[in-house]
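Structural characterization, general
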Amino acid sequence: WGGLPPSVVAVPGVVVEGSTEMAGEDSWEEIPFRYSLGRRTRQPRRTAPHQPRLDWQMWFAALGSYQHNDWFVHLLYKILEGSDDVLA
């Protein structure tokens, strides 16, 4: 945590949920990201020497606002669009 300000004592996270139903209010499910922190009961994945950039960027996005993270809005748009490149 070397470069983080002392005010960051908790590890925030962004949760993205989706549904295959058009009006399915009860069918929302979390879209898992392979290297995100996720559930506390799950062991962290080994990443070295791989740098999981999306999950890393999601962590920084949680520290700020979506207005400062254009890439995140674009990612959500692609998820809504059902882009194969994003959902693969």
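Quick caveat: nothing in here was measured; it's all calculated off a predicted structure. (Residues numbered from 1 in each chain as written. Predicted model: local features only at pLDDT ≥ 70, side-chain atom pairs only at ≥ 80, totals over all residues. Heavy atoms only, no water.)

**Focus: the environment of T20**
Relative to the helices and strands, T20 resides in the loop between β1 (17–18) and β2 (29–30). Through-space distance from the C-alpha of T20 to that of L80 is 10.0 Å; in sequence the pair is 60 residues apart. (Helix = DSSP H or I, 4+ residues; strand = E, 2+ residues; numbered from the N terminus.)

**Things to note about the confidence of the model for the chain**
Segments scoring low in pLDDT should not have their predicted coordinates read at a detailed level. Looking at the chain as a whole, its pLDDT mean stands at 75, while 67% of the residues score no less than 70. The spread of mean pLDDT over the elements of the chain runs between helix α1 (residues 53–63), the lowest at 80, and helix α2 (residues 70–81), the highest at 89. (pLDDT = per-residue confidence, 0-100.)

**A short note on α2**
Every α-helix winds through 3.6 residues per turn, so residues three or four apart in the chain are directed the same way. The end-to-end C-alpha distance of α2 is 17 Å, a good match for the 16 Å that twelve residues give at a rise of 1.5 Å each. Taken as a whole, α2 has its buried residues at F72, L75 and I79. Angularly, the buried residues of α2 cover 55 degrees about the axis, an arc narrow enough to put them on a single face. Along α2, exposed side chains directed more than 90 degrees from the buried face belong to D70 and L80. (Expected span 1.5 Å × (residues − 1). Buried < 20%, exposed > 50% of the residue type's maximum accessible area, 1.4 Å probe, protein only. Arc of directions from axis to C-beta.)

**Remarks on the pattern of salt bridges**
One pass over the full model with this rule turns up one salt bridge. Among the ionic pairs, E81 bridges to K78, the shortest N-O distance being 3.3 Å. Of the two residues, E81 and K78 both sit in helix α2, three residues apart, roughly one turn of that helix. A residue is classified by how much of its surface remains accessible, and E81, at 43% relative accessible area, is partly exposed. (Salt bridge = Lys/Arg side-chain N within 4 Å of Asp/Glu carboxyl O.)

**As for α1**
Along α1, the residues classified as buried are D55, M58, W59 and A61. On an axial view of α1, the arc spanned by its buried residues comes to 160 degrees, and they lie on one face.

**Section: a nonpolar patch on the surface**
Together, W56, F60 and L63 make up an exposed nonpolar region whose accessible area comes to about 290 Å². Within the secondary structure, L63 sits in helix α1. Judged by its relative accessible area of 39%, L63 falls in the partly exposed class. (Patch = residues over 30% accessible without salt bridge, like charges linked within 9 Å, V, L, I, M, F, W, Y side chains within 5 Å. Areas by Shrake-Rupley, 256 points an atom, 1.4 Å probe, with all protein chains shown as cover.)

**A closer look at the nonpolar core**
In this structure, V16, F33, M58, F72, L75 and I79 together form the largest nonpolar core, which totals six residues. For this core, the element with the most residues is α2, which contributes three residues. When near neighbours in sequence (up to four residues on either side) are disregarded, M58 contacts V14, V16, F33, W71, F72 and L75. (Core = buried A, V, L, I, M, F, W, Y, C linked by side-chain atoms within 4.5 Å. Contact = heavy atoms within 4.5 Å.)

**So, the packing of aromatic side chains**
Inspection of the entire model under this criterion finds one aromatic pair. Here W71 and F72 contribute two aromatic rings whose centre-to-centre distance is 5.6 Å and whose plane-to-plane angle is 75 degrees, an arrangement assigned as edge-to-face. The exposure class of F72 is buried, given its relative accessible area of 10%. (Phe/Tyr/Trp six-rings, centres within 6.5 Å; stacked < 30°, edge-to-face > 60°.)

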